[in-house]
Amino acid sequence: MNIVVCIKQVPDTTDVKINPETNTLVRDGVASIINPFDMYAIEEALRIKEKVGGTITAITMGPPQAENALREAISLGVDDVILLSDRAFAGSDTWATSYTLAQGIKKLGKFDIILCGKQAIDGDTAQVGPGIAVQLDIPQIMFVKHIREINDTKIIAERMTEEGAEVIESSLPVMVSVVKEINTPRLPSLKGKMRSKKAEVIKWTAADLDVEEDCIGLNGSPTVVNKIFTPPQRSSGVVFEGEPEETVKKLYEAIKPVLGG
Amino acid sequence: MDYLLTETQVEIRELARQIAEERIKPVAAHHDETEEFPWEVMKVIADSDLFGVYIDEKYGGFGGGVMELALCTEEFSRACGGIAVCYAASALGTYPIILFGTDAQKQKYLPDLAAGKKLAAFGLTEPNAGSDAGAIETTATKTKDGNHYILNGTKCFITNGGEAEIYTVVAITDKSKGARGASCFIVEKGTPGFTFGKKEKKMGIRASATTELIFQDCKIPKENLLGREGFGFIVAMKTFDKSRPGVAAQAVGIAQGALDIALKTAMEREQFGKPVSSFQGLQFMLADMATKIEASRALVYATARMVDSGNEKIAKESAMAKLLASDVAMEVSTDAVQICGGVGYMRDFAAEKYMRDAKITQIYEGTNQIQRDVIAKNLIKEALAGK
């Protein structure tokens, strides 16, 4: 089975700082990690491989240093890694990112299942996985918490919904995004770590992909960010103390203006 | 301190530290309280390939030695000395096979031990024999056809007892020769006549299993003899030369873990409007603790490297490393409880566990009195030889 995992390098959340002037993430000097949700996708890929065999390819789009995330993926047991990196990709929104990743996956050729984390912890959009599925014109199952069955032709997966769970059967190829309930990611092995140092990271630029110039990077991004701001912190509520009769009266007085009475 | 580790050693230490932080620390208190064997951690260590760091690549290991084993043991011990010893005791049980096994014996046992599929244990101590290996009462009698040995006797205080699959056991094959009449055998769990006695309740390292090994007409094939008949005492001594730096590394890890907690607590706890770490009385304690730990670590690493270089005369250095590091671990962990104050004495807080775990390092694999004996005898021997 040809398994593709899409990963993203993100700033370590425990260190996140916002520049108050520009309202953007301060990335200088902040440690980078593989997006935690993508760790579950990598683990699920490894488990599928252990069960039905195949190869796992991890792919990411990002700056040259995103290579570190790919090497970490190798240390965990991923077979091959591809880095899509080009100045022309800079400024991509979720649409352009999905498009570029999909073109990368197309160039890769065969794929039976594409695994993604449910969302990245920096942007929190949860749009890139579904975007890739649309670009490749394949079915998608979002927020999967358990894969009941997978073979060469079909998958049966449980997806989380707000009310409970849905059981979905799909043909392959398919895009599956996973939630953290699906597994416990393993730690790297020493053999994996040693291999990750020497392994080749395949690098593709815009010229290597079959991409339209106006579909990539900032030019290919329909999303326009008007403003980014840190919402003001909510002040804590008011506590009325005293006998019930008294506090009810105080409460009534306080909410009277908004009741319109 | 920069110990100029190789690239592989840095990777090993990093991985061991990650396992310690993410998988051992969160469960250390649970295993200390329940005395349940930490199989889930053993599985993680096995999957990470670290059981094989000191085993030859030919047998599925990573081709390292005592230094690599020490790095892992130290990092695991920093999180939990009890869980770490389950790992280290497997190496202790494996060394007799590495040192004296034939190629066939190595092919048969080492790959599973390197992969962590099986644990090993070493059985020497008996109620009346420990440091005095010549007083061993467990016997191994060759059958008339010469194809088997029959083992009878009881070993006590055996780390990994009951949990390990492979046991290297010292028994007497010729009583008339004293210590020269001892031999070492490989005994597999499940062999008829081989059972386990009571599991001990311990002061510290409570995650580890310590049991009796009971042999009642336990019949093993002659192929399970390690080395030759009469080699038992030598097997044990050569094994301890290799394993003592491991115990020393365990002590360094325990001491470091205790200092970590003491430092953090001292920086967080405020009295008289400032952190207690700002008071010189505590600062001097912390400085002494850190310095002594670093000195032990330096001696342990230097000894481990000397052992790995193939040098045969390592008894004195191995003893010194174990003596210094374990005495420092006891001292530092006691001071760590002192620095943490009242909370340090509470069992819901991790500091006191390091103190309980540290004590055994002064006792097992030869008490520190025996270590001093080894060191002194070697000093005198060297002086007589005019070195």
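Residues numbered from 1 in each chain as written. Chains lettered and ligands numbered in written order. Predicted model: local features only at pLDDT ≥ 70, side-chain atom pairs only at ≥ 80, totals over all residues. Heavy atoms only, no water.

1. As for the pairing of strand β9 (residues 140-150) of chain A
Moving residue by residue along a regular strand, the side chains alternate between the two faces of the sheet. Residue and element names in this part refer to chain A. Rule in force here: Paired strands, as defined in this entry, are two strands with at least two bridges between them according to DSSP. Counting from the N terminus, the helices are the DSSP runs of H or I reaching at least four residues and the strands are the DSSP runs of E reaching at least two.
As paired strands, β9 and strand β12 (residues 174-178) are joined by three bridges and run parallel to one another. Bridged to Ile 141 within β12 is Val 176. Both β9 and strand β10 (residues 154-160) contribute to a ladder of five bridges, which runs antiparallel. Bridged to Ile 150 within β10 is Ile 155. Count of turn residues in the β9/β10 antiparallel hairpin: three residues.

2. Digging into the packing of helix α1 (residues 36-52) of chain A against helix α2 (residues 67-76) of chain A
All names here are of chain A. The criterion, for reference: Helix axes are fitted only over the stretch in contact, all axes being lines through C-alpha atoms; the angle between N-to-C directions runs from 0 to 180 degrees. Helix crossings are classified by the rotation of the near helix relative to the far one: an anticlockwise turn of less than a right angle makes the crossing left-handed, while a clockwise turn makes it right-handed. Pairs of residues are marked as contacts when any of their non-hydrogen atoms sit within 4.5 Å.
Here α1 crosses α2 at 35°, and the two axes come no closer than 11 Å. In the crossing of α1 with α2, the sense of the turn from one axis to the other is right-handed. Residues Met 39, Ile 42 and Leu 46 of α1 form the contact with α2, whose own contacting residues are Glu 72, Ala 73 and Leu 76.

3. Examining the domain arrangement of chain B
All names here are of chain B. Going by this rule: For the domains described, the bounds stem from an automatic or database domain assignment. Buried area counts how much accessible surface, traced with a 1.4 Å probe, disappears from two parts once they are put together, with both parts' losses summed. The rule for a salt bridge is simple: a side-chain nitrogen of Lys or Arg has to be within 4 Å of a carboxyl oxygen of Asp or Glu. Any N or O atom pair separated by 3.5 Å or less is treated as a polar contact, with the protein-specific requirement of one donor-capable and one acceptor-capable atom, and with residues adjacent in sequence counted only for side-chain atom pairs.
Along its sequence, chain B is organised into domain 1 (7-119), domain 2 (121-232) and domain 3 (236-384). Distance between the C-alpha centres of domain 2 and domain 3: 30 Å. Contact with domain 2, which involves eight residues of that partner, is made by nine residues of domain 3. Of the roughly 840 Å² buried at the junction of domain 2 and domain 3 (both faces included), carbon and sulfur atoms supply 69%. One can count zero salt bridges joining domain 2 with domain 3. Connecting domain 2 to domain 3 are three residue pairs in polar contact (both at pLDDT 80 or more).

4. Structural notes on the sheet that holds strand β11 (residues 165-171) of chain A
Residues and elements named next belong to chain A. The strand order β11-β10-β9-β12-β8-β1-β6-β7-β13 describes an open sheet built from nine strands, whose pairing is mixed. Each of the sheet's edge strands pairs with one partner strand only, and the pair in question is β11 and β13 (201-204). Neighbour-to-neighbour, the strand axes of the sheet open up by a mean angle of 35°, direction not taken into account. The pairing of strand β6 (residues 55-61) with strand β7 (residues 80-84) spans five bridges and is classified as parallel. From the neighbouring strand, Thr 57 faces β7, where its bridge partner is Asp 80.

5. Quick look at the side chain of Lys155(B)
All names here are of chain B. Heads up, the rule is: Note on classification: 1.4 Å probe, protein chains only; a residue is buried when its accessible area is under 20% of the maximum for its type, exposed when over 50%, partly exposed between these limits.
Topologically, Lys 155 is positioned in strand β3 (residues 148-159). Relative accessible area serves as the criterion here: at 0%, Lys 155 is assigned to the buried category. In this structure the side chain of Lys 155 is engaged in a polar contact, spanning 2.8 Å, whose partner is the side chain of Glu 126. Discounting residues that sit within four places of it in the chain, Lys 155 has contacts with Gly 123, Leu 124, Thr 125, Glu 126, Ile 136, Thr 138, Val 169, Val 170, Thr 211, Glu 212, Leu 213 and Phe 215.

6. Considerations on the interface of chain A and chain B
What counts, and what does not: Here the nonpolar group is Ala, Val, Leu, Ile, Met, Phe, Trp, Tyr, Cys and Pro; Asp, Glu, Lys and Arg are the charged ones; every other residue, Gly included, is treated as polar.
Opposite the eleven residues of chain A that make contact, chain B presents 18 residues. Buried surface at the junction of chain A and chain B, both sides included, amounts to about 1,200 Å², of which 65% is carbon and sulfur. When the buried surface of chain A facing chain B is broken down by residue, Leu187(A), Leu190(A) and Lys193(A) rank first, second and third, together holding 53% of it. Residues Glu11(B) and Lys193(A) are paired through a salt bridge, measuring 3.6 Å at the closest nitrogen-oxygen approach. On inspection of chain A and its partner chain B, the count reaches six residue pairs in polar contact (both at pLDDT 80 or more). Partitioning the side of chain A that touches chain B into residue classes produces five nonpolar, two polar and four charged.

7. Things to note about the pairing of strand β2 (residues 139-142) of chain B
Residue and element names in this part refer to chain B. Of the pairings in the sheet, the one linking β2 to β3 comprises four bridges and is antiparallel in character. Bridging across to β3, Lys 142 finds its partner in Tyr 149. Linking two consecutive strands that pair antiparallel, namely β2 and β3, is a turn of five residues; a positive phi of about 80° is found at Gly 146 within it.

8. A look at a negative patch on the surface
Residues and elements named next belong to chain A. Note the threshold: Each patch is assembled from residues with relative accessible area greater than 30% and no salt bridge, linking like charges that lie within 9 Å and nonpolar side chains (Val, Leu, Ile, Met, Phe, Trp, Tyr) that lie within 5 Å. For accessible areas, the Shrake-Rupley method is used with a probe of radius 1.4 Å. Any residue's cover is judged against the shown protein chains and nothing else. The charged-residue count follows a simple rule in which Lys and Arg add positive charge and Asp and Glu add negative charge, with His and chain termini not counted at all. Throughout, a charge is located at the NZ atom of Lys, the CZ atom of Arg, the CG atom of Asp or the CD atom of Glu.
The grouping of Asp 210, Glu 212, Glu 213 and Asp 214 at the surface amounts to a negative patch. By the secondary structure assignment, Glu 212 is in the loop between β13 and α6 (244-259). Judged by relative accessible area, Glu 212 falls into the partly exposed class, the value being 49%.

9. Thoughts on the pattern of salt bridges
Applying the stated criterion across every chain, the model contains 43 salt bridges over all chains. Across the pair Asp79(A) and Lys49(A) runs a salt bridge, and its minimum N-O distance is 2.9 Å. You can see Asp79(A) sitting in the loop between α2 and β7 and its partner Lys49(A) sitting in helix α1, a full 30 residues away along the chain. With a shortest N-O distance of 3.1 Å, Lys377(B) and Asp373(B) are connected by a salt bridge. Here the residue Lys377(B) and the residue Asp373(B) both occupy positions in helix α10 (residues 368-384), the gap between them amounting to four residues, near one helical turn. Overall, the relative accessible area of 53% leaves Lys377(B) in the exposed class. Taken together, the shared-partner salt bridges connect Lys193(A), Lys197(A), Glu7(B), Glu11(B) and Glu14(B) into one network.

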